[in-house]
Amino acid sequence: MGNHVEHAIEMHGITKTFGKVVANHNVNLQLRKGEILALLGENGSGKTTLMNMLSGIYFPDCGTIKIQGKEVTIRSPKDAFELGIGMIHQHFKLVDVFSAAENIVLGLDGGVHIDRKAVNQKVKEIGERYGFEIDPTKKIYNMAVSEKQTVEILKVLYRGAEILILDEPTAVLTPQETDKLFAVLRNMKEDGKSIIIITHKLHEVLSISDRVAILRKGEYIGTVNTAKTNQQQLTEMMVGRAVSLEIDRPKVELGEEMLKVVDLTCLNADKIKALDDVNFSAYGGEILGIAGIAGSGQKELCEAIAGLYPVAGGSILYRREVDGHPVMENIVGQPVDTIYRKGISMAFVPEDRLGMGLVASMDMVDNVMLRSYKRNPGIFVDRKKPKALSEKLIGELEIVTPGVSTPVRRLSGGNVQKVLLGREIAYGPNVLVVAYPVRGLDINSSYKIYELLNEQKKRGVAVIFVGEDLDVLLEISDRILVLCGGRVSGIVKPEETTKEEIGLMMIKVAEKTKEVNA
Amino acid sequence: MNLLINILTAAVLAGTPLLLGTLGEILTEKSGNMNLGVEGMMFMGAIAGLAGAYYYEQGVVGSGGTPSGIMAAVVALVSSFLVGAFGALIYAFLTITLRANQNVTGLTLTIFGTGFGNFFGEYIGIRAGGYVAVGDNIKTAFGRLNIPVLSDIPILGKLLFNYNWVVYFSILIAVIMAYFFRKTRVGLNLRAVGEDPATADAAGINVTKYRYLATVIGGGICGIGGMYMSMVTTSGVWVHNCVSGYGWLAVALVIFASWHPARALIAALVFGGLTILRLYLKIPGVPMQIYDMLPYLATIVVLIFTSINQSKENVMPKGCGLNYFREER
Amino acid sequence: MSNVSKEHREPLIRMVKRDSISQQKQWMIRAIGLLGALLTGALVILALGQNPIAVYKDMVVGALGTPTVRRETIKIAVPLLITSIGISFAFKMQFWNIGAEGQILMGAIFAGYFAFFHSDWPKVLLVIVMLAAGMIGGGIYGLIPALFKAKWGTNETLFTLMLNYIALAFVKYLQNGPWKDPRTQFPKMSMLDDNARLTKVLGVHWGWILALVLVVLSYIYFTKTKQGYEIAVVGESNNTARYAGINVSKVFIRTMLLSGAMAGIAGMLQVAGSDFTITENTAGGVGFTAITVAWLAKMNSFGMLIVAVFIAVLERGSNKIQTTFKIPASAAEVLTGIILFFMLGCEFFINYKLIVRRRKEAEHESAN
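Everything numeric in this text was worked out from a predicted model, so none of it was measured.

J.: Quick question: what am I supposed to make of the overall build of chain B here?
T.: When helices and strands are tallied, chain B shows 13 helices and zero strands. The order of α-helices and β-strands along chain B, N terminus first, is α-α-α-α-α-α-α-α-α-α-α-α-α. Over its C-alpha trace chain B gives a radius of gyration of 20 Å, about what one expects of a compact globule, namely 20 Å for 329 residues. For the C-alpha atoms alone, the extent of chain B along its principal axes is close to 60 × 50 × 40 Å. For chain B, the proportion of its 329 residues judged to be buried stands at 60%.

J.: Hey, could you run me through the sheet that holds strand E12 (residues 273–283) of chain A in this one?
T.: Residues and elements named next belong to chain A. One open sheet accounts for four strands, arranged E12-E11-E14-E15; its pairing is antiparallel. Looking at strand neighbours, the two that pair on one side only are E12 and strand E15 (325–330), the edges of this open sheet. With direction set aside, neighbouring strand axes in the sheet form an average angle of 20 degrees. In this structure, strand E14 (residues 313–322) lies alongside E15, joined through six bridges in antiparallel fashion. Residue pairing for E15: Tyr318 is matched across the bridge by Glu329. Of the strands in this sheet, strand E11 (257–267), E12 and E14 are in contact with helix H9 (residues 298–305), which crosses E12 at around 55 degrees.

J.: What should I look at first to understand the interface of chain C and chain B in this one?
T.: How large an interface is tends to be reported as the accessible area lost when its parts come together. The partner chain B presents 48 residues to the 44 residues of chain C that form the contact. Note on chain C versus chain B: buried area summed over both sides is about 4,400 Å², and carbon and sulfur give 80% of it. Inspection of the region where chain C meets chain B yields zero salt bridges. On inspection of chain C and its partner chain B, the count reaches three residue pairs in polar contact (both at pLDDT 80 or more). Listing elements by their share of the side of chain C that touches chain B, those giving two or more residues are strand E1 (13–17), helix H6 (123–152), helix H7 (156–176), helix H12 (286–296) and helix H14 (331–351) of chain C. When its residues are assigned to classes, the side of chain C that touches chain B shows 30 nonpolar, ten polar and four charged.

J.: Got a minute to help me understand the side chain of Glu39(B) in this structure?
T.: Summarising the element assignment, Glu39(B) is placed in helix H2 (residues 38–62). In this structure Glu39(B) is buried but unpaired, with Lys172(C) as the nearest side chain of opposite charge at 11 Å. With residues near it in sequence (within four places) discarded, Glu39(B) still touches Thr110(B), Thr114(B), Val243(B), Ser244(B), Gly245(B), Tyr246(B), Gly247(B), Trp248(B) and Tyr165(C).

J.: How should I be thinking about the nonpolar core in this particular structure?
T.: Taken as a class, soluble globular proteins show a tendency for nonpolar side chains to be buried jointly. Counting residues in hydrophobic clusters, the biggest one holds 342 residues, and the most contacted among them are Leu185(A), Met188(A), Leu259(A), Phe280(A) and Phe142(B). Tallying contributions element by element places H2(B) first for this core, with 13 residues. Setting aside anything within four residues of it in sequence, one finds Met188(A) in contact with Tyr130(A), Phe132(A), Ile153(A), Leu157(A), Leu164(A), Lys193(A) and Ile195(A). Counting 32 residues, the second-largest nonpolar core is a separate cluster that includes Ile9(A), Val27(A), Leu29(A) and Ile57(A).

J.: How do you make sense of the pattern of salt bridges when you look at a structure like this?
T.: Side-chain pairing between opposite charges can occur once the charged atoms of the two side chains come close. What the rule picks out here adds up to 39 salt bridges over all chains. With a shortest N-O distance of 2.9 Å, Glu286(A) and Arg479(A) are connected by a salt bridge. Taken together, the residues Glu286(A) in strand E13 (residues 286–291) and Arg479(A) in strand E19 (residues 479–484) connect sequence positions 193 residues apart. Judged by relative accessible area, which is 2%, Glu286(A) ranks as buried. Where Glu347(C) meets Lys298(C), a salt bridge forms, and the shortest distance between an N and an O atom there is 2.9 Å.

Criteria and cut-off values
- Note on numbering: residues in each chain are counted from 1, in written sequence order.
- The order in which chains are written sets their letters, starting at A; the order in which ligands are written sets their numbers, starting at 1.
- In keeping with the model being predicted, local features are shown solely for residues with a pLDDT of at least 70 and side-chain atom pairs are shown and tallied solely at 80 or more, while totals for entire chains, interfaces and linings include all residues.
- Each side-chain value is worked out from all heavy atoms of the structure, with water and hydrogens disregarded.
- For the purposes of this entry, the term helix denotes a DSSP run of H or I that reaches at least four residues, the term strand denotes a run of E that reaches at least two, and both are numbered from the N terminus.
- Each radius of gyration is computed over the set of C-alpha atoms, and the globule rule expresses the reference value as 2.2 Å times the number of residues to the power 0.38.
- Remark: exposure states derive from per-residue accessible area (1.4 Å probe, protein chains only) relative to the maximum for the residue type, with buried under 20%, exposed over 50%, and partly exposed in between.
- Any two strands between which DSSP finds at least two bridges are classified as paired.
- Think of each axis as a best-fit line through the C-alpha atoms, taken over the contacting stretch in the case of a helix, with angles from 0 to 180 degrees between the N-to-C directions.
- Any two residues whose heavy atoms approach within 4.5 Å at even a single point are treated as in contact.
- As used here, buried area is the combined drop in accessible area, with a 1.4 Å probe, of two parts when they are placed together.
- By definition here, a salt bridge exists when the distance from a side-chain nitrogen of Lys or Arg to a carboxyl oxygen of Asp or Glu is within 4 Å.
- Polar contact criterion, stated in full: a pair of N or O atoms within 3.5 Å, where within protein one must be able to donate a hydrogen and the other to accept it, and residues adjacent in sequence count only if both atoms are side-chain atoms.
- Each residue is assigned to one class: nonpolar for Ala, Val, Leu, Ile, Met, Phe, Trp, Tyr, Cys and Pro, charged for Asp, Glu, Lys and Arg, and polar for all the others, Gly among them.
- Positive charges come from Lys and Arg, negative ones from Asp and Glu, while His and the chain ends are left out of the count.
- As used here, the term nonpolar core means buried Ala, Val, Leu, Ile, Met, Phe, Trp, Tyr and Cys residues forming a set that is joined through side-chain atoms within 4.5 Å.

Shown next, in the form of structure tokens:
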């Protein structure tokens, strides 16, 4: 090659479509040897699809790929390994019932038997070289998220990958774990590996990468040197126009106590405490953020509040009016039907939108009536009112859909979320619980969601916002409750804390719980 | 004592076709295919085994020779394996390549296989002038082995060294399969395909190839189980509906054995025992047909027990029942 | 690494999920599938030394040629259709009820009790009681696995399957013991009293009218009622159902009661309208065939009507060819199997499309 800069990867004119959706259009990308390249783009901009064509999961419709200067065709993950490409997927690809070592050697060539001793030895060596610790015999289902990620990285290194692709590796990590991961990545870079890291968090891009490549709506926008850019420029390239990244936090007068959770304890399927003695209140006119590493009890807390999770101890009290007098009603032990019939108005946007909040194969009308069809007397369903509501929601929330009778599965992530949130808000709740409401959404949709939540707050609703992005939580919440291993490690005000402090609270329950009253 | 030995040996004999069916289905399910067509594949193997032995005999006799029992056994074994595997291949093509629903395809295979067995059983019978039956030479080949010295040991000889060759053959398959899953690289890869095909795929394992091979070989083993029914249980005579329910019992036994080939040995023995118990233990007042319910009732009890007592391991492979398409999104 | 580019070429055929496909094209594909199945069947017939066209023609004539055989064909279709509708109830909520055989038998036994031991009752009362008893028998038998599924998530596929064989053993027990016909030494039950036999309408017992009514009612149930909507939600996701305040256990139990009750009706009709006794062949594989009928019709009750009649023609026609060509009647099962295989297979071409490698690359490859 006459080129003086050596490239580990060169992708040229890559296009990939799924049905009518163009995921990548004529994309070019170059990864230099021994650099860390950040691949930046909004959700849905085609980053993962592009990388999956390097790892052999997808096959491009057209375009060429050169690895270490040679044109190649990657038809399967095996081809990718042989070319020295290893990808760490966002959703870990690990077999739950296997040990770490078994996962690491999975699919490799070699003798008929597996020499477990040699494998364990080699895994340890690699770990020492880059600074991880791992027990090769530990089963995956006993591992924490960060451990699983370590296994994924080891798996790729064990195969001798020279090019590593990490898809949103920090999404599930605490700030401290992120720092550790970045240290490992820098070690690898020193060792001559070439790395692509997919992310949409700008400050991470700036701290880890050498160069940044930007995708927008499936198109390649350009590549810039990290040292010569800033957040504003990157945002403009990513979104296509100047946007303010500030999330609004309107001042609203605090209302009544709408929800009071007292000594709440819940057990999971294995009879282990998923929630342990949780106490807090939520007030009208505030957004209460909930932070914590994945699996710290967020899901159980949301479902318990919604009356969907069995409660082992404690109470969940909702404010409701009886003959004009407010009382706090305990919903523990009452079926969901009864709770609604009593006039307790609570709305819940679950984390699993299409698997819990909506019925994927049904159209918008049938989905909009999901929580209200019972109110109609008689044995038949009434589709007139839900149809009118659907049409109203399409107009008000700018939902993009071919029509009310299109299955919601066919809508994009942002529109799915608008249908779900729109339905929940439509019934005028007093308490609104939203779990990871902007996960997977593009920036426009995300800001629309923030706007809707703030509107509810202004209406005097107690909004409970379970989130994973600490930057967002710090900007939008009035208070932040931090969960750690099912316990409340503290409730803090954003103005009085830092990301690092919350990160620490996420991994360890403070000796004396810090309590901030609203 | 004698009664107990009699029951045990009879249980082994009755349990062997179950064991083969179960082993075939374990291999299939470990790859992530829930093939409910075991009954059908056993029917196909049953007629193929019998037809193979029968036509071999006719051929040899027709050319004036004496049919060899060993050759007939080999022909029956190979043809039952191939035809059982052919049934599984239809299933594999439909579910793996064409992504048809596994439950429905398996049931269809059962309908097809049952018809296939009975159809050809009767058809060959009509052409043979009444019914299909093999000669004594071949019957002996599927009779109990007389191993010098070993078979004569008191009690142990009767208990361990007094069966037909298929019994030992199926135990051998169980042992090989246990070793294969536990120790070998390919076995580990296959288990990964059944547990989590997307992960296996990302690890560079050819999911399609593994699923095809496991399903087809598994079907072949089920076919041998069917051959046992027609060659040993009914002594080389075609009996209408001869497999009747054994294939389904084998599907249930997979759960009983919690997907372990070694445990399948015990499970098959227990269920074999249950199916013949009525011949040996007559309790006054309990009609025969109530005994017939025992294996099925036992299966239900096991099903309920395993569902109450949930654990992460020793359960159905997680990917079982679901077809895999890499570009699904 | 040098030969990498030579080894790694684009696969010859790739498949892509279709976004949508026109109704017309869908039916085209299905028609081609059916044609393929019939051709495959023809090859089998040819291999047996018979003329496929003559055999097929004989089948059709044997099933539809005269009013008598037409009535016989309808008699076969009725239980199949009603059982399919019953099964579609369970399948719509992703409850794999493959125990319709047992549910049919239980319906037959419950109805049979009144037919055998209370045949002196007034006819209308007797038949109504028999119908109700059949529904209760089948319903209870369908209910048992649903209860366990609701409580512990017990695998219903195998549970319902095992119940089939228990019901079968129970029938044999009745045949040999308490319900044995005292006038014969064979283990079988006596024939029903005329009073317990169903009245004929247009030459076939009135079960066919009931079947048609059920087709319409089940269609309305699924598209218009709250209960039908709940079944659809539960079928899609138990989590969503829980979230919507639907009592999943209650839906399981209620729906399986209905599903089993329908199979029970089929059993009752079979006993009182067709066989006039109970044998181990009373269900005779209808419970299994009905599953494929329901599946092929995509759980649409009008579709099931068409498919059930089609399968009945095959079955009735196979009886005819047994006498004409000495082809065993099990040929019906083989043919049904082949047709179902093809129909299952052609769904793929409705959901996916194949992309053949582009010419340019093919040339490039041959140049290597």
